Structure formats: C-alpha cells, structure tokens
Amino acid sequence: MWAIAARDFGAQLELVELPEPEAGPNELKVRLFAASVNPFDRKVVDGMLRGSTPHVFPLVPGTDGAGEVVGSGERIFGTFFHRPAGIGTYAEYVTVPAGNALAPLPEDLDPAVAAALPTAGMTALQLVESLGDAKSVLIVGPNGGVGSFAVQIARAAGKRVIPVGRGDSLVEADALIDLVSADRSSFEANARYAPLAFNTNYVSSDPAQNFGMKGSRETLVRLASMVQAGDLDVPIARRVPLREAVDVSAGHGPGKTVIIM
Ligand SMILES: NC(=O)c1ccc[n+]([C@@H]2O[C@H](COP(=O)([O-])OP(=O)(O)OC[C@H]3O[C@@H](n4cnc5c(N)ncnc54)[C@H](OP(=O)(O)O)[C@@H]3O)[C@@H](O)[C@H]2O)c1
C-alpha cells in the first residue's frame, strides 16, 4: 500500500510503499477514504512521544480518518491513534483497536468532512462544554482546526465569542480558550483576562487549566449529527491526494487539511 511516512524522528515526510498492516486480536483493519491533518501528527514525527512509547519506522503519522472495515464493509470514522506510534492514517490501510473512539460514517456525510471532525471537533465540543454558564469567551487561535469548530459551537450555545487572531488584543471575558500558547508565561498572560481559562498545550502549572480531549463514540455521533443538521460547518482548506501529501501540515489558514486516498 502507499503511505506518507518519515524514516526517522524529525525527518521530512515522503511517499513510501509498505505492506498492508494486518489486524491483531480485537483490532479492525480499515481501508481509508480520507485522513485529516492535526498538529499532533507532526509533533509525533518530531519525537513528542519518544521514550514514552515504542515507535514503528517508517513512521506513518495521522490519527483521524474515515473508511470502511475490511471484511464487514462497515463505514466508520474517528481517531485511529494507538501504540506503538507510527501506524497512522496517512495511508491506504490502517489497523485500530476496536475500542478506539470510532463511530458509524453516515451514508450522506462526505468522508473528507468526517475525517476532518474527530480530534478538532471533539476537542472543541468538550472545551465549550467545560465553560459552564460563562457568557463570553475569548478564543485564541480561532481560525485553525479546533478554533473554527469552537467558535461555531460556542456561538450556538449562546455565548459571546471574542476571536483573538494574530495581532489582536485581548479584552476581559468570562472564559478563555487558548489554542496557541506554547509556554507557561504566554498562557498566564492571556489567562489574566478571564477567571476560567483552558489551554490545549499542557503549559499551565494548574492541571485544571490543561485541557485534554477524551475521545468517544458518543461525541463523534453528536458531531456528525450537527453537521448533517447544518448546525456545524466543516471548513476544509485543502484536499490533497495521498501521493502528493508529502508537505501537509496543520494551520493553513481557516480550516483543515484533508488527505484523500
Ligand atoms: N490537548 C488536546 O487534547 C488537544 C487536542 C487538539 C489539539 N491540541 C493542540 O491545540 C493546538 C491547536 O490545534 P489546532 O488543530 O486548532 O491547530 P491548527 O489547525 O494548526 O490551528 C492553530 C491556529 O492558531 C493560529 N495561530 C498561531 N499563532 C497564533 C497567534 N499568535 N495568535 C492567534 N492565532 C494564532 C494559527 O494561525 P495561522 O494559520 O495563521 O498559522 C492557526 O489558525 C495545537 O497545539 C494542538 O496540538 C490539543
């Protein structure tokens, strides 16, 4: 099968031919239709999990995808990340533990749209639900994968959203979602503007402010229903054929990058 992979930590991505992965006990083998690109994918290539989990090389990045289960033909989408790291969704086939966050892919949902949803959509939905009855929320990094969903979901929940793009100043609000700060001092400077503050990069000294998404089938089903009902727009910035996907990365202006198999 064809895949996009890195031959070592920190290496450029390249097109490689690999044997199809075979499902082990309690695993599914999935033929992917599409995969989406998250910042986490590049972080794994750059060694974020080095020392904490085994890796397989060539390392195929990618956690999110949509496809059909080989054998049953069941159409699914969700998060495919599992250990060892490196058997990811930038590939024609992937294996995944049956217990991962996976949900049925509705017939009328574009697989590219479904593939764009899991990590960013579940993070955005759970972040907004963590805000409780906060009436206003600053969202730093509002145009990226998580931000573009969080802005919509917070507005639909009746909150006043204050998007903070590059160069924008912060103002006082009830809550802050910081999707950008990569160090403690940047986050703490932003957190002064709101009594309730979350970041997604684990940079706060207060664990309660370090938000970690918890993937679930139920959250995926809710997101798919929101898209089908027209309540959630999935902005796709780029659709890249797998064989040309050597330069994909997250953060290309508004929306998600999706790899089409
Ligand atoms: N903890 C968790 O469970 C969890 C889950 C999902 C994501 N994350 C993390 O959350 C972060 C955001 O994820 P994502 O998928 O939204 O990433 P993304 O798609 O790359 O979006 C990031 C956005 O932030 C913008 N940005 C960068 N610097 C900025 C600044 N100084 N001010 C305002 N905006 C700025 C980028 O704009 P440009 O397009 O102009 O560069 C981009 O639109 C990543 O670090 C990711 O790893 C964590």
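Residues numbered from 1 in each chain as written. Predicted model: local features only at pLDDT ≥ 70, side-chain atom pairs only at ≥ 80, totals over all residues. Heavy atoms only, no water.

**So, the overall build of the chain**
Counting its secondary structure elements, the chain contains six helices and 15 strands. Computed over C-alpha atoms, the radius of gyration of the chain comes to 18 Å, within 12% of the 18 Å expected from 2.2 N^0.38 for 261 residues, which places it in the range of a compact globule. Dimensions of the chain, computed from C-alpha atoms along their principal axes, come out at roughly 55 × 40 × 30 Å. Residue pairs in contact within the chain that sit at least 24 positions apart in sequence constitute 65% of those at least 6 positions apart. Computing the positive centroid from 22 side-chain charges and the negative centroid from 29, the chain places the two 3 Å apart. (Helix = DSSP H or I, 4+ residues; strand = E, 2+ residues; numbered from the N terminus. Rg over C-alpha atoms; globule rule 2.2 N^0.38 Å. Contact = heavy atoms within 4.5 Å. Lys, Arg positive; Asp, Glu negative; His and termini not counted. Charge placed at Lys NZ, Arg CZ, Asp CG, Glu CD.)

**Some remarks on the layout of surface pockets**
Estimated volume of the largest pocket: approximately 1,300 Å³. Contributing elements (two or more residues each) for the lining of the largest pocket: helix 1 (39-45), helix 3 (118-129), helix 4 (145-156) and strand 15 (256-260). Looking at which domains feed residues into the lining of the largest pocket, each of domain 1 (2-117 + 234-260) and domain 2 (120-209) supplies at least three. (1 Å grid on protein atoms, 1.4 Å probe; cavity = no way out; pocket = protein on both sides within 12 Å on 5 of 7 lines; lining within 4 Å. Points joined across faces, edges and corners; volume = space filled by probe spheres on them. Domains from an automatic or database assignment.)

**A short note on the site of the ligand**
In the vicinity of the ligand there are 23 residues, among which Lys43, Gly145, Arg166, Thr200 and Asn201 approach most closely. The side chain of Lys43 places a nitrogen or oxygen atom 2.7 Å from an oxygen atom of the ligand. A distance of 3.4 Å separates a nitrogen atom of the ligand from a polar atom in the side chain of Tyr202. Of all the secondary-structure elements, those providing two or more residues to the shell around the ligand are helix 1, helix 3 and helix 4. Of the residues assigned to the shell around the ligand, the class counts are nine nonpolar, twelve polar and two charged. Residues lining the shell around the ligand come from more than one domain, with at least three contributed by each of domain 1 (2-117 + 234-260) and domain 2 (120-209). (Near = heavy atom within 4 Å. Polar contact = N/O pair within 3.5 Å; in protein donor to acceptor, adjacent residues only side chain to side chain. Nonpolar A, V, L, I, M, F, W, Y, C, P; charged D, E, K, R; others polar.)

**Comments concerning the nonpolar core**
Core analysis: the largest hydrophobic core is formed by 43 residues, its most contacted members being Phe77, Leu117, Val137, Ile139, Phe149, Ile153 and Leu232. Contributions of two or more residues to this core are made by strand 3 (27-36), helix 2 (111-116), helix 3, strand 10 (136-140), helix 4, strand 12 (175-178) and helix 6 (217-228). Looking at this core element by element, the count peaks at six residues for helix 3. Split by domain, the residues of this core number at least three in each of domain 1 (2-117 + 234-260) and domain 2 (120-209). Residues Phe9, Ala85, Ala91 and Val248 belong to the second largest nonpolar core, which totals 25 residues. (Core = buried A, V, L, I, M, F, W, Y, C linked by side-chain atoms within 4.5 Å. Buried < 20%, exposed > 50% of the residue type's maximum accessible area, 1.4 Å probe, protein only.)

**Considering the packing of helix 3 against helix 4**
Running from N to C, helix 3 and helix 4 point in directions that differ by 40°, and their axes come no closer than 8 Å. Taken together, the axes of helix 3 and helix 4 lie oblique to each other. The element helix 3 and its partner helix 4 pack so that their crossing is right-handed. Where helix 3 abuts helix 4, its residues Ala120, Gly121, Thr123, Ala124, Leu125, Leu127 and Val128 lie against Gly145, Val146, Phe149, Ala150, Ile153 and Ala154. (Axes fitted to C-alpha atoms, helices over the stretch in contact; angles between N-to-C directions. Parallel < 35°, antiparallel > 145°, perpendicular 65-115°, else oblique. Left-handed = near helix turned anticlockwise from the far one by under 90°.)

**Some details on the side chain of Thr123**
One can find Thr123 in helix 3. A polar side-chain atom of Thr123 sits 2.5 Å from the main-chain carbonyl oxygen of Thr119. Those residues within four positions of Thr123 in sequence are excluded, and the remaining contacts are Pro118, Val146, Thr200, Phe211 and Met213.

**Digging into the domain arrangement of the chain**
Per the domain assignment, the segments making up the chain are domain 1 (2-117 + 234-260) and domain 2 (120-209). Distance from the C-alpha centre of domain 1 to the C-alpha centre of domain 2: 27 Å. The interface is formed by 13 residues belonging to domain 1 together with nine residues belonging to domain 2. Together domain 1 and domain 2 conceal approximately 660 Å² of surface at their shared face, both sides included; 60% is due to carbon and sulfur atoms. Summed over the three residues of domain 1 that lose the most area to domain 2, namely Leu117, Pro235 and Lys256, the buried surface amounts to 43% of that side. (Buried area = accessible area lost by both parts, 1.4 Å probe.)

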